[in-house]
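A look at the structure
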Amino acid sequence: MAEAVYKKWLRAVIGLQCLLILAFVFRGWLLPDPLGPRLPSIQGNTVWIQSHGALHQFDRQGTRLQRLELAQLGLTPSVSSLQFIGEKTLWAHDQGRVHRCDLAMQRCVALDLPDLSTRGGYRWMRVTADEAQIVVSDASHHRVLVYQRDAASSAAQAYVLLKTYSEGLRFPNQTLQVGERMWVANTNRHQIAQIDTAQSTQAAPAVFPVEYAGLRSGRRFPFAMQLDGQQRLWVLVADSSMRGADLLLMDSQLRPERVMPLSPDQDPNAIAMVGQELLLPDMTQFTVHRVDLDGRVLEPFGDAPFRGELASARSSYEWGRRLPSFLLGSIGVLMALGLWLAWKAGELRQLGGKRWQEVGDTEASSAVVVPSPSQHAAQASQTSEGKPLVTSVTALAGSTVKRRRALAMVGVLHCLVAGGWSTGSCRFCTSATAVRTNRAIQRACSVSCWCFWPCCRCVCMHGFGASSSSWRPCA
């Protein structure tokens, strides 16, 4: 086969490599992973759960009543907190802002809350039944903000900052109001903090550690909790990567009592109480665990159609997890094929300087040029005068400087991408200290982080929050 044919194939392989590299880099935008069930919210006798891009309403037996797409409300899959106030009013935190949604009108209005950054981030939010107060856990700033409706404003959704609690808090997550005390999952302090909200001045909160011998190794970071009718506290305690949480039961004095195993690969992300049962959605296992108050694990929550959708979403999620390895393997095969085509096309000989030493196939390259007598005389004159001989060489037809450079650039780009993938899965979108507790953000970035050795940058385009980090060394 002629070299020209090999060169055409080489161009095609290089182009295909570039497409695969772009698919690897932008796979988070092209094929975002579906998100499993999370954010359960109780509304009357029904339960709302967010999963695979929609809100699903169930009765207490697990039969789905309706499905409402988040896009119809103007919300994204990055919603980080949900709460229903009444049958048609939904409060949500999405893309760094608190929204109030009217389900009847299918319209959400974003609130401008003072001193609350609108940058994307993961925040727990809680609203009182009369909508007079909003409590936001601003985890990345280590504080809890309490807003109150502005009675002096004519606007219906005007709120002013009433109090800021930051004493002793480190990455606070979910909050509960129990009488005059606010309970906070003080994640990086490994404790449940109790703040006396009746005091006019801020004092150090009472703290209750979650350390317990029954917890699996590394489980020290509480982030979600639920109080039952016996005043016992059920707490999710995760490891340092905010994964694989254990379900810890604390007695009425907030002393750790026992751990309830759910499944071998459990990874619950929230707790909700429905009657005498606990619901614990598991976003990576695509199931909703159901546990009674004695710790017995019951049949998963949800009817057959909903479970079928979860199974399909899990299949897509697992395929998406294998996609980077498939793309890198394909790029490697194409690199080997490209090297073989480059050798057959003579490109490798040109890189080594051997192309000029061989006799080509064309008449121009096979013709032997005999110097004329005048050229011999000129060479002899230059030699006698001590001048160096100068030989002019004309490049052969088909010299491919641009193609050689393109091939080298593709190789370098592949090494960068492969190196970034192999140096760590750079899953977090916040600072090095925040990543250890920000469970939701690290989930969201698992498919949308760019890691080019020795630096990486994560960009959350889906998941719990839209956020980005600065460049930092790969861990």
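My aim in this report is to walk through the structure given alongside it, one point at a time.

Quick notes on the rules
Residues numbered from 1 in each chain as written. Predicted model: local features only at pLDDT ≥ 70, side-chain atom pairs only at ≥ 80, totals over all residues. Heavy atoms only, no water. Buried < 20%, exposed > 50% of the residue type's maximum accessible area, 1.4 Å probe, protein only. Helix = DSSP H or I, 4+ residues; strand = E, 2+ residues; numbered from the N terminus. Pairing = 2+ DSSP bridges. Axes fitted to C-alpha atoms, helices over the stretch in contact; angles between N-to-C directions. Polar contact = N/O pair within 3.5 Å; in protein donor to acceptor, adjacent residues only side chain to side chain. Contact = heavy atoms within 4.5 Å. Disulfide = S-S within 2.5 Å. Phe/Tyr/Trp six-rings, centres within 6.5 Å; stacked < 30°, edge-to-face > 60°. Core = buried A, V, L, I, M, F, W, Y, C linked by side-chain atoms within 4.5 Å. Salt bridge = Lys/Arg side-chain N within 4 Å of Asp/Glu carboxyl O.

The next thing to look at is the pairing of strand S19 (residues 246-250). Among the five residues in S19, five count as buried, and that is most of the element. The two faces of S19 match: Asp246, Leu248 and Met250 on one face and Leu247 and Leu249 on the other face are all buried. The pairing of strand S18 (residues 233-238) with S19 spans five bridges and is antiparallel. Across the sheet, the residue bridging to tryptophan 234 is leucine 249, located in S19.

Quick look at the sheet that holds S19 now. Hydrogen bonds between backbone groups are what pair the strands of a sheet, and the pairing can be parallel or antiparallel. Ordered in space as S17-S18-S19-S20, the four strands form an open sheet in which the pairing is antiparallel. At either margin of the open sheet sits one strand with a lone partner, and together these are strand S17 (221-227) and strand S20 (256-260). Neighbour to neighbour, the strand axes of the sheet diverge by 30° on average, direction disregarded. Summarising the sheet, S19 and S20 pair through four bridges and their orientation is antiparallel. From the neighbouring strand, leucine 247 faces S20, where its bridge partner is methionine 260.

Glancing now at the side chain of serine 81. Tracing the sequence through the fold places serine 81 in strand S5 (residues 81-84). A relative accessible area of 3% means that serine 81 is categorised as buried. Among the polar contacts made by the side chain of serine 81, one reaches the main-chain amide nitrogen of methionine 125 at a distance of 3.1 Å. Contact partners of serine 81, with chain neighbours within four places excluded, come to Leu39, Trp91, Ala92, His93, Arg123, Trp124 and Met125.

On inspection of all chains with the given rule, the structure shows one disulfide. Across the disulfide, cysteine 101 is cross-linked to cysteine 108 (sulfur-sulfur distance 1.9 Å). Taking the sign of the S-S torsion, 110° for the link of cysteine 101 and cysteine 108, the bridge is right-handed. Judged by its relative accessible area of 1%, cysteine 101 falls in the buried class. For cysteine 108, a relative accessible area of 18% puts it in the buried group.

Our next topic: the sheet that holds strand S16 (residues 206-209). Taking strand neighbours across the sheet as the criterion, the four strands line up as S13-S14-S15-S16 in an open arrangement whose pairing is antiparallel. A strand with exactly one partner marks an edge of an open sheet, and here the two such strands are strand S13 (172-178) and S16. Each strand axis lies, on average, 20° off the axis of its neighbour in the sheet, ignoring direction. Sheet topology places strand S14 (residues 181-186) next to strand S15 (residues 191-196); six bridges connect them, and they run antiparallel. Its bridge partner being in S15, valine 184 is matched across the sheet by alanine 193.

What follows concerns the packing of aromatic side chains. Each aromatic ring pair is characterised by the separation of its centres together with the angle its planes make. Taken as a whole, this structure holds six aromatic pairs when the rule is applied. Ring centres of phenylalanine 58 and phenylalanine 306 lie 4.9 Å apart, and the angle between their planes is 75°; on these two criteria the pair is classed as edge-to-face. Of this pair, phenylalanine 58 sits in strand S3 (residues 54-59) while phenylalanine 306 sits in helix H3 (residues 304-344); the two residues are 248 residues apart in sequence, bridging distant segments of the chain. Relative accessible area serves as the criterion here: at 0%, phenylalanine 58 is assigned to the buried category. Members of the aromatic cluster, connected to one another through ring pairs, are Phe58, Phe301 and Phe306.

It is worth spelling out the nonpolar core at this point. Grouped together as the largest cluster of nonpolar side chains are 21 residues, with contacts concentrated most on Phe223, Trp234, Leu236, Leu247, Ile271, Leu278 and Leu280. Elements with a minimum of two residues in this core: S17, S18, S19 and strand S22 (277-282).

The backbone of glutamine 95 sits at a positive phi, close to 55°, despite the residue not being glycine. Mapped onto the fold, glutamine 95 is located in the loop between strand S6 (89-94) and strand S7 (97-102). Unlike most non-glycine residues, leucine 254 shows phi in positive territory, near 60°. Counting through the fold element by element, leucine 254 comes out in the loop between S19 and S20.

Our focus in this paragraph is the pattern of salt bridges. With the rule as written, the count across this model stands at 17 salt bridges. Between aspartate 267 and arginine 243 there is a salt bridge, with its nearest N and O atoms 3.8 Å apart. Linking aspartate 267 in the loop between S20 and strand S21 (272-274) with arginine 243 in the loop between S18 and S19, this pair joins segments that are 24 residues apart in sequence. With a shortest N-O distance of 2.9 Å, aspartate 292 and arginine 296 are connected by a salt bridge. Residue classification places aspartate 292 among the buried residues on the basis of a relative accessible area of 10%. When salt bridges that share partners are traced, they join Arg64, Arg67, Glu69 and Glu309 into one network.

Shape descriptors only; they carry no functional weight alone.
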